[in-house]
Amino acid sequence: MTDRFWCELAWLDQAPVAGVLLEQRDGVITALTTGNPAPPDAHRLSGLVLPGLANAHSHAFHRALRGRTHGDGGTFWTWREAMYGVAQRLDEDRYHELATATFTEMLCAGWTAVAEFHYLPGLSDAVRSAADRVGIRLVLLETLYLAGGIGRDPDPVQKRFAAGGFDGWADRVAAGRDTDGAAVHSVRAVPLDALLQVRGVVESRPLHVHLSEQPAENDACRDAYGTTPTQVLAAAGVLGPHTTAVHATHLDPADITMLGATGTGVCFCPTTEADLADGIGPARELVDAGSRLSLGSDQHAVIDPFAEARGLEYGERLRTGQRGRFAPAELVAALGIGGHAALGLPGGALAVGAPCDLVAVQLDSARTAGADPAQLVMTASASDVRDVVVAGRMLVHDARHVELGDTGPRLAAAIAAGGAHG
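Residues numbered from 1 in each chain as written. Predicted model: local features only at pLDDT ≥ 70, side-chain atom pairs only at ≥ 80, totals over all residues. Heavy atoms only, no water.

Comments concerning helix α4 (residues 165-175)
Link 1 in the chain: Here α4 has its buried residues at Phe166, Gly168, Trp169, Ala170, Arg172 and Val173.
Link 2 in the chain: Among the structural elements, β7 (137-144), β8 (181-184) and α5 (192-202) are those in contact with the buried residues of α4. (Buried < 20%, exposed > 50% of the residue type's maximum accessible area, 1.4 Å probe, protein only. Helix = DSSP H or I, 4+ residues; strand = E, 2+ residues; numbered from the N terminus. Contact = heavy atoms within 4.5 Å.)

Shown next, in the form of structure tokens:
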């Protein structure tokens with residue numbers, strides 16, 4: 001473990017600052033000074049050093065579908081059938097290897113923490129051990145999944161997700177690590193009588209929920225309850241500062257007001273929302289209403305925090321015809337502070353007392369050369385991440401995991417063993 005890191009440039013107070021010397025003990029920053037030459041006993045981090053980035057929405061096993069669902073077009077609903085097929089083939093060993101490979105790719109891309117929206121009961125330990133092996137911070141969200149749609153029993157392929165019913169889910173939440181949280185899959189997968197009991201189980205843990213990802217979900221909710229999914233969640237007492245609504249794509253003005261007024265966070269996953277043709281949600285309006293913003297890679301069509309940040313801003317530009325809806329500093333905050341808040345973890349800023357989680361991004365690649373470092377989030381890609389430190393430990397060096405090596409062969413082997421291949 002290195003005690004001192006010297007940063008050529010570091011992101012402090014929402015801007016790059018030169019010559020930053022960080023000292024750490026037991027994974028926590030204990031001192032920070034600026035304008036320093038590089039001391040000989042410090043580990044030098046070149047480029048721009050960002051605080052660790054938090055991926056606020058992940059389904060690790062979906063990584064097996066990348067590049068395998070585009071041949072026949074279709075919709076979100078037909079894509080689900082391929083996803084169900086992968087889920088049916090996973091056992092503990094296969095999922096451990098797939099999650100290990102996915103989390104390795106994630107860490108090498110600059111995500112140092114992840115919220116895993118987990119709806120495969122019985123495989124929680126496989127996910128936890130994979131995260132421990134990689135070194136990424138994990139918040140495992142045990143997910144309540146009871147129905148195949150509003151008023152419908154689970155389909156045969158969904159019964160695995162609903163194993164143990166409400167009581168089994170509550171037991172899993174209670175047995176989780178202190179850093180774990182919980183999730184409600186969606187209003188379509190959890191009946192109202194169960195939603196009314198959720199907050200009593202979760203208490204102050206982070207709670208995430210898929211919200212209004214597809215218009216069909218809203219239509220079914222209105223048919224059943226006479227109102228929108230947001231209003232159903234509000235009536236059930238599920239919204240609030242500890243809750244993060246994922247996607248929040250198809251909202252009406254009253255929904256936006258409700259989410260903001262309750263302090264409910266929102267997590268956008270722009271590469272997935274584009275890949276699945278979900279639509280473009282009202283991100284700016286939600287933030288202006290009072291919602292905290294975070295970002296996630298969801299189904300991992302891409303694992304690249306910069307692509308998610310740009311995707312959010314570009315979606316806003318396409319939706320409104322205006323540039324600069326989110327300033328670069330706001331996007332970095334969503335990746336850092338906002339993401340950590342959604343996970344219920346400290347972090348996302350470089351300061352004394354903060355976790356020593358660091359992401360060094362190259363400034364002279366073909367993508368970043370000549371860019372203003374303050375606007376790096378609009379030019380960089382995961383390929384520009386050179387070094388990653390978590391809790392004071394150098395886990396990625398020269399874009400390669402120090403212990404696990406190259407990511408590509410591990411991903412290929414894991415997917416072949418238990419992912420998209422039958």
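Let's talk about empty space enclosed by the protein
Link 1 in the chain: Per the stated rule, a full pass over the model turns up 5 cavities of 30 Å³ or more.
Link 2 in the chain: Size it by volume and the largest cavity reaches roughly 170 Å³.
Link 3 in the chain: It is helix α1 (residues 76-88) that contributes the most residues to the lining of the largest cavity, 5 residues altogether.
Link 4 in the chain: Looking at the lining of the largest cavity residue by residue, the classes come out as 7 nonpolar, 7 polar and 4 charged.
Link 5 in the chain: Lining the second largest cavity are Trp11, Leu48, Leu50, Val332, Pro373, Ala374, Gln375, Leu376 and Val377. (1 Å grid on protein atoms, 1.4 Å probe; cavity = no way out; pocket = protein on both sides within 12 Å on 5 of 7 lines; lining within 4 Å. Points joined across faces, edges and corners; volume = space filled by probe spheres on them. Nonpolar A, V, L, I, M, F, W, Y, C, P; charged D, E, K, R; others polar.)

Topic: the layout of surface pockets
Link 1 in the chain: One number sums up the size of the largest pocket: a volume of about 340 Å³.
Link 2 in the chain: Forming the walls of the largest pocket are 16 residues, and the residues nearest its centre are Gly135, Ile136, Arg137, Leu138 and Thr179.
Link 3 in the chain: Its residues placed into classes, the lining of the largest pocket shows 9 nonpolar, 2 polar and 5 charged.

A closer look at unusual backbone geometry
Apart from glycine, the bulk of residues carry a negative phi angle, and the bulk of peptide bonds sit in the trans form.
Link 1 in the chain: Positioned with a positive phi, Ala391 is a non-glycine residue whose angle comes to about 55°.
Link 2 in the chain: In this fold, Ala391 is placed in the loop between β14 (385-390) and β15 (393-397).
Link 3 in the chain: The phi dihedral of Asp398 is positive, around 55°, even though this residue is not glycine.
Link 4 in the chain: Looking at where Asp398 falls in the secondary structure, it is placed in the loop between β15 and β16 (400-401).

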